[in-house]
There are 2 protein chains.
Amino acid sequence: MALKSLDDLFHDTLRDVFYAEKKLVRTLPKLAKKASDEELSRAFTNHLAETQKQVARLEQVFEMIGKPARAKKCEAMDGLVEEGDGVIEDADDDAVLDAGLLAAAQAVEHYEIARYGTLIEWGKLLGLPKAVKLLEATLGEEKAADGLLSNIASRINLLAKSQGQDAAA
Amino acid sequence: MALKSLDDLFHDTLRDVFYAEKKLVRTLPKLAKKASDEELSRAFTNHLAETQKQVARLEQVFEMIGKPARAKKCEAMDGLVEEGDGVIEDADDDAVLDAGLLAAAQAVEHYEIARYGTLIEWGKLLGLPKAVKLLEATLGEEKAADGLLSNIASRINLLAKSQGQDAAA
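Below or above, wherever it landed, is the structure these notes cover.

**Points about the relation of the copies chain A and chain B**
One copy of the chain maps onto the second through a rotation about an axis and a displacement along it. Note on the identical chains: chain A maps onto chain B by a rotation of 180° and an axial translation of 0.0 Å, with an RMSD of 0.0 Å. Taken together, these values place the two copies in the relation of a two-fold axis. Looking at the interface residues of chain A, 100% of them are also at the interface in chain B, so both copies use one shared face.

Okay, here's the thing in structure tokens:
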């Protein structure tokens, strides 16, 4: 897709984020299943419901700009998910797995925070206040999800640390 | 590499970030060359010097934990850089290219912010205050770089917008 204008960039990035969110809808159930900590697993499950709402919002934004809701392969999100898969493959302890999954999930949240931030700025310039409102609602949720993960992390990281000490004892 | 403890996770993530920063050292000169806006190009060049310092800091951290400074392929960073390459390939206008590069660079900064945030938390738990200090210095720089890019973006996005209007006129 040739990018000739800010409208094109907005549309292209919307397709990228649409891919990322739909990939996350497929990935989160796996993370919820693999996480051994109950609170972490529940956080992944709750974020799945949120992500499904976010996909629906993106579909509304596509409609607002008169384009079909069509995803575009997002290499960054694929890479981020691969990193999470690497942790699942390599982790040899439950608490260590949880700490690694948490970190991978926070990297995903930060990717989305960057992308929604950009879309919101472009949407404002392009005179799309209704789209901006939807994107801002999602950005707020992503930031809250990142904050929640940080809270859970303080406990999980301690568990992972004491695990290492037990193993060394 | 089997991840059995928080030390292992710290080491593994350090290798991931080391790969990401070294990849950025190779990528930033290309971004500086492709950017048509002088301020943006200069920001990329300045961030290259900073990134080289950050690579050296990571080498110090490897030394502090008694491990060789060896990178581990970071799929997320590869994906982020591919997204920037996609913009370079598809952009059909200078201001639109700049706006797209800026957005891609901010996604990279956010990835790094997430990763350094995690390393710092783990480093504190692992009793590595000197490493934490180095990582915090880098995190501060990444946040400042993101803020600088946001400032430049407000001007570049306006240019990209008026470009679209010219093209439609």
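**With respect to the interface of chain A and chain B**
Facing the 43 residues of chain A at the interface are 43 residues of chain B. Buried area between chain A and chain B, summed over both chains or domains, comes out near 3,400 Å², and the portion from carbon and sulfur atoms is 63%. Looking only at chain A, the three residues that lose the most surface to chain B are A:L3, A:E83 and A:L125, adding up to 16% of its buried area. Here chain A and chain B share two salt bridges between them.

**Digging into the packing of helix α3 (residues 75–90) of chain A against helix α4 (residues 94–125) of chain A**
All names here are of chain A. One can describe the packing of α3 onto α4 by two numbers: an axis separation of 9 Å at closest approach and a directional angle of 175°. Here α3 lies roughly antiparallel to α4, going by the angle between them. Contacts between α3 and α4 involve A76, M77, L80, G84, V87 and I88 on the former and, on the latter, L97, G100, L101, A104, A107, V108, Y111 and E112.

**Details of the nonpolar core**
In a soluble, globular protein the nonpolar side chains are often hidden away together inside. Core analysis: the largest hydrophobic core is formed by 116 residues, its most contacted members being A:F10, A:F44, B:F10 and B:F44. Excluding residues within four positions of it along the chain, A:F44 makes contact with A:L28, A:L31, A:A32, A:A35, A:L101 and A:A105.

**Description of the packing of aromatic side chains**
All names here are of chain A. On inspection of all chains with the given rule, the structure shows two aromatic pairs over all chains. Relative to F62, the ring of F18 has its centre 5.1 Å away and its plane inclined at 70°; by these criteria the two rings are edge-to-face. Here the residue F18 occupies a position in helix α1 (residues 6–34), and F62 occupies one in helix α2 (residues 38–64), the gap between them amounting to 44 residues. On the basis of relative accessibility, which here comes to 2%, the residue F18 falls in the buried class.

**Some remarks on the packing of helix α1 (residues 6–34) of chain B against helix α2 (residues 38–64) of chain B**
All names here are of chain B. At their nearest, the axes of α1 and α2 sit 9 Å apart, and the two run at 155° to each other. Judged by the angle between their axes, α1 and α2 are roughly antiparallel. As α1 packs across α2, the resulting crossing turns out to be left-handed.

**What about the layout of surface pockets?**
Roughly 370 Å³ of volume is contained in the largest pocket. Elements represented by at least two residues in the lining of the largest pocket include exactly α4 and α5 (129–168) of chain A together with α4 (94–125) and α5 (129–168) of chain B. For the lining of the largest pocket, the element with the most residues is α4(B), which contributes nine residues. Looking at the lining of the largest pocket residue by residue, the classes come out as 10 nonpolar, seven polar and four charged.

**Looking at the side chain of B:H110**
Looking at the secondary structure, you find B:H110 in helix α4. With residues up to four places along the chain from it excluded, the contact list for B:H110 reads A:H110, A:I113, A:A114 and B:D146.

So, how was this worked out
- Residues numbered from 1 in each chain as written.
- Chains lettered and ligands numbered in written order.
- Predicted model: local features only at pLDDT ≥ 70, side-chain atom pairs only at ≥ 80, totals over all residues.
- Heavy atoms only, no water.
- Least-squares fit on C-alpha atoms with pLDDT ≥ 70 in both.
- Contact = heavy atoms within 4.5 Å.
- Buried area = accessible area lost by both parts, 1.4 Å probe.
- Salt bridge = Lys/Arg side-chain N within 4 Å of Asp/Glu carboxyl O.
- Axes fitted to C-alpha atoms, helices over the stretch in contact; angles between N-to-C directions.
- Helix = DSSP H or I, 4+ residues; strand = E, 2+ residues; numbered from the N terminus.
- Parallel < 35°, antiparallel > 145°, perpendicular 65-115°, else oblique.
- Core = buried A, V, L, I, M, F, W, Y, C linked by side-chain atoms within 4.5 Å.
- Buried < 20%, exposed > 50% of the residue type's maximum accessible area, 1.4 Å probe, protein only.
- Phe/Tyr/Trp six-rings, centres within 6.5 Å; stacked < 30°, edge-to-face > 60°.
- Left-handed = near helix turned anticlockwise from the far one by under 90°.
- 1 Å grid on protein atoms, 1.4 Å probe; cavity = no way out; pocket = protein on both sides within 12 Å on 5 of 7 lines; lining within 4 Å.
- Points joined across faces, edges and corners; volume = space filled by probe spheres on them.
- Nonpolar A, V, L, I, M, F, W, Y, C, P; charged D, E, K, R; others polar.

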